[in-house]
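Here is what each chain is made of, one letter per residue.
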Amino acid sequence: MGAAEVTVIGVRHHSPACARLVADTVAALRPAYVLVEGPADMNDRLDELLLGHELPVAVFTSYRDGRRAHASWAPFCAYSPEWVALTVGRRHGAGLRFIDLPAWHPAFADRSNRYADAELRYAEAVERLCRAFAMDNVDTLWDHLFECDPDEGLAERLAVYFDLLRGESPAGDDDTAREAYMADWVDAARSHADGRPVLVVCGGFHRPALLRLAAGAPTGRDWPEVPAPPEDATAGSYLVPYSFRRLDAFDGYQSGLPSPDYYQRLWEHGPAGAAEGLLEAVVRRLRGRRQPVSTADLVAARTMADGLARIRGHRHPARADVLDGLVSALVGEALDGPLPWSRRGRLEAGTHPVVVEMVAALSGDRVGRLDPATPVPPLVHDVAAELERHGLAGDDPVRLDLTDRDQRETSRVLHRLRVLGVPGYARDSGPDASGADPRLREHWSPRPAGERLVAVIEAGAYGATLADAAAARLAERIDRAGPDVDRLAEVLFDAALCGVDRLSERVLAMLARSIAGVGDVGALGRVLAVVLGLWRHDRLLGTARAEALGVVLTASVPRLLWLVEGIRGGRAPADPERLAALAAARDTIVHAGPSLGIDGGPALAVMRRLAADPGVPPDLRGAASGFAWSLGDPVDPVRGVRGAAGPAVLGDWLAGLFALAREEVLAGEEVLAAEAPPAGSGRDGSRSGGSPAGSGRDAPGGSDPVGSSGGSPAVVDLLGVVDVVLGAMSEHDFLVALPALRQAFAFFPPRERDVIARRLLARRGLAGSGRSLLRVELDPMLVARARDLDAYVDALLLREGLMSTGERS
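Reading the values: rules and limits
Residues numbered from 1 in each chain as written. Predicted model: local features only at pLDDT ≥ 70, side-chain atom pairs only at ≥ 80, totals over all residues. Heavy atoms only, no water. Pairing = 2+ DSSP bridges. Helix = DSSP H or I, 4+ residues; strand = E, 2+ residues; numbered from the N terminus. Axes fitted to C-alpha atoms, helices over the stretch in contact; angles between N-to-C directions. Contact = heavy atoms within 4.5 Å. Buried < 20%, exposed > 50% of the residue type's maximum accessible area, 1.4 Å probe, protein only. Core = buried A, V, L, I, M, F, W, Y, C linked by side-chain atoms within 4.5 Å. Salt bridge = Lys/Arg side-chain N within 4 Å of Asp/Glu carboxyl O.

Peer 1: I would appreciate a short explanation of the sheet that holds strand S3 (residues 57-64) in the present structure.
Peer 2: Hydrogen bonds along the backbone pair up the strands of a sheet, which may run parallel or antiparallel. Taken in spatial order, the three strands make up an open sheet running S4-S3-S7, and their pairing is antiparallel. The open sheet has two free edges, formed respectively by strand S4 (69-76) and strand S7 (234-241), since each of these has just one partner strand. Within the sheet, the average angular offset between the axes of one strand and its neighbour, ignoring direction, is 15 degrees. In this sheet, S7 lies alongside S3 in antiparallel orientation, the contact comprising eight bridges. Bridge pairing in S7 links Thr61 to Ser237.

In structure tokens:
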């Protein structure tokens, strides 16, 4: 009996034309074996893959060792040539084999999708073809060459196309190893086929190499061994439901064709039916979004699509023909950029809303479903049990009292799901990493959980139980964070919320080692806030690590002060990150200093130097004054206000002060409000009126606005001083100062801004609520610009003699 004949069909993944060719070839050849580019470690599980699933589904593979973590998907839909090869091949009695390396193999180390083609290597050839055929990109080129007329000489056209793309250029080391391995399977199949045909279905890029490697007589070899992962590695594959959205190139998918719902129609109904179905789907979606689409618009779009198809040489409108016709009929204004289907990749921000809806209609909302008999990882069952045990299987909001042991355990379950990316709940409030007073309650809201099963199956690679999987995911984040203290702090807080103590110890040790090398004030401040929060919430979160936390706190404060004292120059807007860092250092001294022996004296010395140095940025000088004030140091912030009275400086200085001493400022206001004279009289009972409340334009300037306690910093009338300084500014200077002032006063929450507004009214002898000043209908910046324009117009009229001084508004 002669050697088995080998037929190699090079395909583009998820191409209906290629899928039809594969089905027809299997039916015609009746091969002994159908060999498919796919993970060989799934050969023992082909029965599982071919259960009665609702497509699309995917083989999800994960891998972790001490050096590398990998996750990838091999998706299948009804029109995937690989899927058709398997299903039609089984129907005709062929032996089925996947012949590629396992998806966890180092050859796939840089791919999240095992079917991602090596397009960079033949981009030049694709570009030449696009120019020759006047096509925008490889997708419109593919439709033009193959999908519009798929049945006329398709095999020959595909062979020429892929031979041209591959050319004589060698594959990289990874693809060379894959092709050699696939060739071994082909050789073995020929040896076992008893002279019957062997069909190989692979990515078109690999076809020329496999034909070359399979030439000659079979060697009689046995089936190749399937590589096993190293002993220190964890690897596994499971079937997961997939969706058209994840399969769409517009959503970032790396291979295959975009617009999966269109190609599903093409597979089921052919080019004419797909074009008509696409028009209907887009119109239905736009009308569902309350976009006006008339019958005349639909007729115009269909007419334009038919015309474009004839011009472009298509027997029936292709995908781009229909889309271009819809845009011409439905989008009346000029577009800012190229249409999405004229290139590859995700939708860009700012894409026209109608175009966005068109792309979504082409993507479709189909979601796969696994057959009930499909094996799933143990984590799926553990998560279901945990949700049931803690009453989380419904759709009700969850409110937890974290002082209750059982409810705290429920919180940990929810946080473990969160760090694993399992949908279903989102946290609205609860303990945070700010280092502030602990929040004793936590609120979670239900969220759509349609892809929960997918997420849990994929998370099953991390462990068999929810606790183990969350710990492994956090450990992976630790490894990826390296010396990045910001990311380590995030992992630390998540570990505490999940109740994973052993990881927290490891993170703390890494943080303690990394503190000395941190040069970013904001990052170090965030670390300090997280660790202080855990130190203060020790009992609430069950984080019994006070000693290890204290090591990080005592190392961080001096480092942060050293970094801050080195900041000089610049009049940029106030930097919220360094202000938050100083607040974290201050809170550490206040709340942890007595227990950990952190002396506030050196910090106060640094703050005095910063507050008095004109070379320090204004926000940092204000923060230094606020730092000292909040610790009871007799620094006079009123002198600081007067020293920072310039319009380009005042707002930033106040932002720093308020960030560190907001409570002290407000305490002074409340004391002074209690001592204020009745409404209708001035501060000394002799003056009333003034400018419109809250404007600060005509505030009294002759008195020294200090509290009745003789100017003690604890009750300083600081805002009175600010009022005076603002009253002395010109309209132009006030407009310059206003943006930074708004940022500064944003540090006060609404209730406290109401207290300040009432004090402004009282200074002018006016009674009433301050809320009216906080609920203006116009943007304050617009009002300020209008006042500035009025002043400019008045000055212009006076200069030209068109208005007298007495007429000035």
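Peer 1: What exactly am I supposed to notice about the sheet that holds strand S10 (residues 441-446) here?
Peer 2: Strand order across the open sheet formed by three strands is S8-S10-S9, with antiparallel pairing between neighbours. Since the sheet does not close on itself, it has two edges, and those belong to strand S8 (398-401) and strand S9 (425-429), each with one partner. The mean angle between the axes of side-by-side strands here comes to 25 degrees, regardless of whether they run parallel or antiparallel. When S9 meets S10, the two strands line up antiparallel, connected through four bridges. Residue pairing for S10: Ala426 is matched across the bridge by Ser445. Against the sheet, helix H15 (residues 405-419) contacts S8, S9 and S10, and its axis sits at roughly 130 degrees relative to S8.

Peer 1: Any chance you could explain the environment of Val11 here in plain terms?
Peer 2: With respect to the helices and strands, the residue Val11 is situated in strand S1 (residues 6-11). Given a relative accessible area of 1%, Val11 falls into the buried group. Residues Val11 and Ala155, 144 residues apart in the sequence, show an inter-C-alpha distance of 9.7 Å. Contact partners of Val11, with chain neighbours within four places excluded, come to Cys18, Val22, Pro81, Glu82, Phe162, Val201, Cys202, Gly203 and Gly204.

Peer 1: Would you mind going over the nonpolar core with me for this structure?
Peer 2: A general trend in soluble globular proteins is that nonpolar side chains are found buried together. Tyr161 and Leu654 are the most contacted members of the largest nonpolar core, which totals 205 residues. With sequence-adjacent residues up to four places away left out, Tyr161 is seen in contact with Leu129, Val138, Leu141, Trp142, Leu145 and Phe146.

Peer 1: How do you make sense of the pattern of salt bridges when you look at a structure like this?
Peer 2: Opposite charge on two side chains permits them to pair, given that their charged atoms come into close proximity. Using the criterion set out here, one finds 39 salt bridges in the structure. A salt bridge links Arg265 to Asp261; the shortest N-O distance between them is 3.2 Å. One end of the pair is Arg265 and the other is Asp261, both in helix H10 (residues 260-288) and four residues apart, which spans about a single turn. Close ionic contact of Arg526 with Asp486 constitutes a salt bridge, the shortest N to O distance being 2.3 Å. Here Arg526 is found in helix H20 (residues 521-536), whereas its partner Asp486 is found in helix H18 (residues 485-498), with 40 residues between them in sequence. For Asp486, a relative accessible area of 16% puts it in the buried group. Each of Glu37, Asp100, Asp175 and Arg178 takes part in a single network of salt bridges with overlapping partners.

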